[in-house]
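Here is how the chains run, residue by residue.
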Amino acid sequence: MIYDCIIIGAGVSGSATARELSKYDLNVCVLEKGEDVCSGTSKANSAIVHAGFDAAEGSLMAKLNVEGNEMMGQLAEDLDIPFERNGSLVVCIHESEKGGLQDLYNRGVANGVKDLRIVEREELHQMEPNLAEAACAALYAPTGGIICPFMLNIAMAENANVNGVDFFFNTEAEDLHRDEDGIWHIRTNNGEYKTRTVVNAAGVYSDVFHNMVADKKIHITPRRGDYCLLDKEMGSFAKHTIFPQPTKMGKGILVSPTIHGNLIVGPTAVDIEDKEATATTADGINDLIEKAGMHVDNLPVRRKVITSFAGLRAHEDNHEFVIGELKEAPGFVDCAGIESPGLTSSPAIGEMVADIVAGILKPSKKANWDGKRKGILNPSGMSIEERNELIKKNPAYGQIICRCESISEGEILDAIHRPLGARSLDGVKRRTRAGMGRCQAGFCSPRVMEIINRELGIPVEKITKSGGKSVIAPELSKNRKGGEL
Amino acid sequence: MQSYDIVVIGGGPAGLAAAAEAKKAGVDSILILERDHELGGILNQCIHNGFGLHTFKEELTGPEYAQRFMDEVFKLNIEYKLNTMVMDITDTKVVTAMNKTDGMFQIQAKAVILAMGCRERPRGALNIPGYRPAGIFSAGTAQRLVNIEGYMPGREVVILGSGDIGLIMARRMTLEGAKVKVVAELMPYSGGLKRNIVQCLDDYGIPLKLSHTVVDIEGKERVEGITIAEVGPDMKPIPGTEEHYSCDTLLLSVGLLPENELSKTAGVELSGITSGPIVNDSLETSVEGIFACGNVLHVHDLVDFVSQEAANAGRNAAKYVKEGSKPATKEIKINAVDGVRYTVPVTVRPNEMDDTVTVRFRVGAVYKNSAVAMYFGDEQVLKRKKQIMAPGEMEEVVIKKEELAKHPDISDITIKIEQA
Amino acid sequence: METRKLTCIGCPMGCQLTVTIDNGTVVEVTGNTCKRGDDYARKEVTNPTRIVTSTVPVKGGRIAMVSCKTKNDIPKDKIFDCMKAIEGVEVTAPIHIGDVIVKDVCGTGVDVIATKEVLSA
């Protein structure tokens with residue numbers, strides 16, 4: 001079969017595009033080399049919805065950031081995911097550099113960011129009592145927010161899937177070309193896929209696909225960022241997202257509450273060449289702790305960290321989103337160089353890319369498109385009566401599997417059995433938060449493995465953390481081998 | 001709302017012993033709430049021998065030791081609920097819990113005994129750099145996989161931390177055919193028992209590298225290698241001392257943390273050192289009628305001491321239920337100084353205390369040919385020579401009521417390590 | 001005459017013991033600070049023994065595996081033979097503590113017994 005559109009990559013950009021394209025009468029599929037959506041750059045970032053004052057005036061990045069930010073509230077509601085506009089503060093710690101805040105303010109206004117203002121020392125310290133004494137002023141952006149990148153990515157993909165978009169996982173695009181009839185052939189490890197249009201949403205690999213077909217080459221640098229995630233005890237350390245003043249390497253090391261009540265600190269910024277090198281380094285973590293400490297006081301990173309991780313931003317040499325159809329390769333649509341504020345911009349990116357594809361294919365709109373999604377039921381906010389009603393209907397909600405985050409078996413079953421359901425420990429974790437708490441899955445992983453085994457029939461010794469070779473317990477014990485299973 | 005005289009949170013060794021003793025002390029209405037599908041707690045996965053030498057004068061395995069206490073609970077007809085997670089405890093002792101059959105329910109207790117045990121420090125808390133592949137387990141999680149579920153976490157193993165669970169798992173994995181390449185320990189001494197070092201490592205030729213830590217984890221999907229390095233006196237890796245081991249598994253045995261999330265919901269005051277509740281001689285926490293025992297109070301070395309302590313908590317909870325609250329007429333603080341990291345209990349009530357109170361503590365470093373000293377006020381009342389004291393083993397001193405009564409004016413007791 | 005070095009397991013001291021053996025007879029133990037070290041060294045060089053613990057699968061039980069141990073200690077050099085002998089053994093629920101799983105394992109005269117109660121499913 002020939003698809004109307006194939007999207008390479010099921011990160012936020014690819015998934016947002018897929019959801020937008022699902023509004024049309026088109027055969028669309030997404031090819032993802034990972035075993036799940038949200039497996040690359042989208043899974044490891046600051047989880048921030050940026051206001052939009054950073055990007056250069058007049059840039060596509062600025063436009064899509066502000067648009068994406070504005071769209072996020074409604075989208076979060078439609079997709080039933082948590083989102084909060086906690087506001088962000090760019091904090092100045094040197095009187096001599098206050099002018100930089102004014103520049104940022106002016107840029108923000110020019111970019112169309114609403115409600116920006118500069119707050120002075122006294123008000124600032126009232127807003128954030130844990131700021132360092134040196135904090136003398138800040139740019140306050142009330143529209144800044146926090147969101148769960150997994151949930152946003154997963155929800156958009158799920159909704160796209162429900163509206164007819166196919167997703168093929170463990171399917172890595174290796175090469176592509178356009179034949180004389182204008183059909184694109186994409187070679188993958190799982191055979192060839194044919195399509196009229198291609199969307200290149202391959203994250204840190206987007207330059208590879210672009211350069212296969214484009215005259216003008218681009219270069220993506222994986223820019224590694226190390227993060228520390230702190231215990232929920234520290235969730236109230238900061239109310240707003242606290243940024244330093246930006247530098248050439250990015251927005252700097254922020255300290256922010258997360259939407260789930262942890263505190264996140266990061267990222268560092270180190271340019272590397274290896275597109276898979278998501279290992280944290282001791283230097284990175286030390287750097288992070290030192291720099292975060294310049295803007296806030298008494299942040300107990302080492303004592304309260306529950307996990308550290310590194311993400312790769314797809315940094316394009318010109319620091320600009322590369323979106324558009326290539327003249328020399330009709331039907332090939334780039335969605336490349338999507339680094340921060342990519343998560344924020346993703347709803348607008350999806351819209352823009354889908355418009356370009358629709359401009360090529362001229363499809364009609366579906367009559368029965370349903371943009372609403374019901375998220376995984378989270379019983380934690382329910383009254384005892386409501387919970388009991390729920391447990392009576394489905395006893396699985398009465399069994400807690402993850403003690404740290406209080407996640408029940410019911411939620412895990414939902415995560416496994418819904419569209420594009422979880423098949424690995426990380427899949428369950430990103431959908432339900434089981435294993436994301438302070439014990440980091442020590443308690444729940446054997447229990448979640450048991451559920452995956454029972455529900456999906458995957459033998460325990462084949463269950464993975466996140467697909468591929470990431471098997472958890474690759475063998476039966478000696479004696480068990482001899483017995484029945 | 002249902003009501004019970006005593007609700008015991010956790011059906012491991014501490015909860016079982018506490019419940020049994022409370023029942024024997026004359027309280028009938030007792031309920032144990034256990035989150036797992038069986039009683040016995042973590043002992044169920046500790047299939048090795050070495051338990052119960054103090055209590056039963058014989059060497060039992062973990063499941064056998066647990067069964068002795070379970071049998072007692074069964075014999076005493078103490079009620080318990082399995083697969084039940086306690087979600088919240090209030091300072092007025094309303095316990096909210098949940099399971100599949102009862103749904104979410106609340107119980108008004110007259111007294112609550114906290115016996116939730118402890119959990120392992122995960123990799124995340126250590127800031128070990130590197131990738132985050134599959135194949136990194138806390139030793140206890142691996143122990144559960146192997147001993148309860150019957151799965152092997154891997155074939156070639158490096159272990160960080162020489163706590164007893166790590167040592168026990170080194171032997172267990174070896175017996176199951178795995179190759180344990182090295183055990184790295186950050187400290188210049190092992191936190192494990194000598195017996196375990198000899199019988200779990202030396203017996204199998206597994207090297208123990210003291211003052212070493214993991215500095216890199218390789219493998220994007222599954223662990224492929226581990227680099228360890230020697231650390232200096234500042235605990236920082238010394239460049240140039242790196243050694244690489246190819247392996248598919250990293251086990252972590254890097255410390256246990258009392259699991260006090262529920263204690264916090266009840267407003268129980270916790271110690272910054274043990275992470276467990278601050279208790280008086282009756283093992284009552286800062287919240288009246290809420291008692292604590294076992295590893296939720298402080299991490300023990302031997303389960304025998306858990307059972308003793310838990311029995312104490314059970315008896316005192318029963319006394320509280322029967323006699324009601326009686327504010328202490330006086331409370332004396334125990335200072336832990338000069339090498340003594342903490343004490344349990346933290347205070348004693350000279351008038352209400354039992355005839356003797358056992359004070360347990362740990363030292364902060366290895367002490368050879370030193371002495372444990374106790375002072376009532378400024379007066380030394382005890383000096384006991386010890387050839388060796390190590391952080392891995394609990395120490396104890398006994399305070400006699402009679403003797404304390406001879407010092408009516410003191411405001412504090414001090415326990416410290418002195419030269420012999 | 002030969003000497004062997006041992007670490008005493010009697011207490012956290014971990015005394016480094018040196019045992020001098022002549023023709024299989026212990027001539028001298030040094031390095032110990034108490035009687036326990038002497039006793040341990042003599043036993044450990046002439047007849048070292050260990051209790052072996054493991055698990056075997058249970059058919060028809062509420063859980064998949066039951067733990068087991070050698071009822072008494074067995075010669076240290078029989079540990080892996082003992083593991084081999086247990087391998088492949090399967091029991092059927094109900095199982096009670098003390099039930100014999102392997103009789104007279106490896107000719108040691110010691111039985112491997114269950115250490116856990118397993119009710120039928």
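Residues numbered from 1 in each chain as written. Chains lettered and ligands numbered in written order. Predicted model: local features only at pLDDT ≥ 70, side-chain atom pairs only at ≥ 80, totals over all residues. Heavy atoms only, no water.

Enquirer: How should I be thinking about the overall build of chain A in this particular structure?
Expert: What chain A contains, in helices and strands, is 14 helices and 23 strands. In terms of principal-axis extent, the alpha carbons of chain A reach across some 65 × 60 × 45 Å. Looking at chain A residue by residue over its 485 residues, the buried ones come to 63%. Contacts in chain A between residues at least 24 apart in sequence constitute 71% of all its contacts with a sequence separation of at least 6. For chain A, the exposed surface amounts to about 18300 Å²; the carbon and sulfur share of it is 49%. In chain A, 55 side chains carry a positive charge and 68 a negative one; their mean positions are 4 Å apart. (Helix = DSSP H or I, 4+ residues; strand = E, 2+ residues; numbered from the N terminus. Buried < 20%, exposed > 50% of the residue type's maximum accessible area, 1.4 Å probe, protein only. Contact = heavy atoms within 4.5 Å. Areas by Shrake-Rupley, 256 points an atom, 1.4 Å probe, with all protein chains shown as cover. Lys, Arg positive; Asp, Glu negative; His and termini not counted. Charge placed at Lys NZ, Arg CZ, Asp CG, Glu CD.)

Enquirer: Before we go on, may I ask you to explain the interface of chain C and chain B in this structure?
Expert: One widely used convention gives an interface's size as the accessible area the parts lose upon coming together. Counting residues at the interface gives 26 residues for chain C, matched by 30 residues for chain B. Together, I9, P12 and M13 of chain C form the three largest contributors to the area buried by chain C at its contact with chain B, with a combined 22%. Counting the contacts that link chain C with chain B gives four salt bridges. Measuring nitrogen to oxygen at the nearest pair gives 2.9 Å for the salt bridge that ties E64 of chain B to K69 of chain C. The interface formed by chain C and chain B includes seven residue pairs in polar contact (both at pLDDT 80 or more). Mapped by element, the contributors of at least two residues to the side of chain C that touches chain B are β5 (53-59), β6 (65-70) and α2 (79-86) of chain C. A breakdown of the residues in the side of chain C that touches chain B according to their chemical character gives 13 nonpolar, eight polar and five charged. (Buried area = accessible area lost by both parts, 1.4 Å probe. Salt bridge = Lys/Arg side-chain N within 4 Å of Asp/Glu carboxyl O. Polar contact = N/O pair within 3.5 Å; in protein donor to acceptor, adjacent residues only side chain to side chain. Nonpolar A, V, L, I, M, F, W, Y, C, P; charged D, E, K, R; others polar.)

Enquirer: Honestly, unusual backbone geometry in this entry has me stumped. Any pointers?
Expert: Trans peptide bonds make up the majority, and among non-glycine residues the majority have a negative phi. At the junction of G266 of chain A and P267 of chain A, the peptide bond is cis and its omega measures out at 0° in the coordinates. Checked against the element boundaries, P267 of chain A lands in the loop between β16 (263-266) and β17 (270-271). A cis amide bond links S340 of chain A with the next residue in sequence, P341 of chain A, at an omega value of 10°. Within the secondary structure, P341 of chain A sits in the loop between β20 (329-336) and α9 (342-361). We note that N83 of chain B has phi near 50°; this positive angle belongs to a residue other than glycine. With respect to the helices, strands and loops of the structure, N83 of chain B is situated in the loop between β5 (79-81) and β6 (85-89). On the basis of relative accessible area, N83 of chain B is assigned to the partly exposed category, the value being 31%.

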